[in-house]
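# Per-entry structural report
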Amino acid sequence: MGFPAEVSVIFREEGRLGLDIESDGSGILIGKQGNTLEALQFVVNLAAGRMSSDMTRIVLDTQDYRSRRNAAC
């Protein structure tokens, strides 16, 4: 997306893998109401599914957006 980022594993459970994206462009990654982050997560899961027969779901997050969003709801 045009800016450097660092990705790290934040959790690994059966069937799920959580990845955290550290970047100065986190606001751009999140997008309006998290739509960009959701779309990026969809594309990552689609690509991972085509590259592997493993059905692990990948969950993307940046700046604890998902936990903050869940706490607000």
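Anything mentioned here points back to the structure above.
What this report covers is the structure whose coordinates are included nearby.

Here is what the cut-offs are and how they apply
Residues numbered from 1 in each chain as written. Predicted model: local features only at pLDDT ≥ 70, side-chain atom pairs only at ≥ 80, totals over all residues. Heavy atoms only, no water. Salt bridge = Lys/Arg side-chain N within 4 Å of Asp/Glu carboxyl O. Buried < 20%, exposed > 50% of the residue type's maximum accessible area, 1.4 Å probe, protein only. Helix = DSSP H or I, 4+ residues; strand = E, 2+ residues; numbered from the N terminus.

### Side note on the pattern of salt bridges
Inspection of every chain in the model, using the stated rule, returns two salt bridges. Of the charged contacts in the structure, one is a salt bridge between E13 and R16, with a shortest N-O distance of 3.3 Å. Given a relative accessible area of 46%, E13 falls into the partly exposed group. Judged by relative accessible area, R16 falls into the partly exposed class, the value being 33%. Across the pair E38 and R66 runs a salt bridge, and its minimum N-O distance is 2.7 Å. One end of the pair, E38, is in helix α2 (residues 35–51); the other, R66, is in helix α3 (residues 65–72), and 28 residues separate them in sequence.

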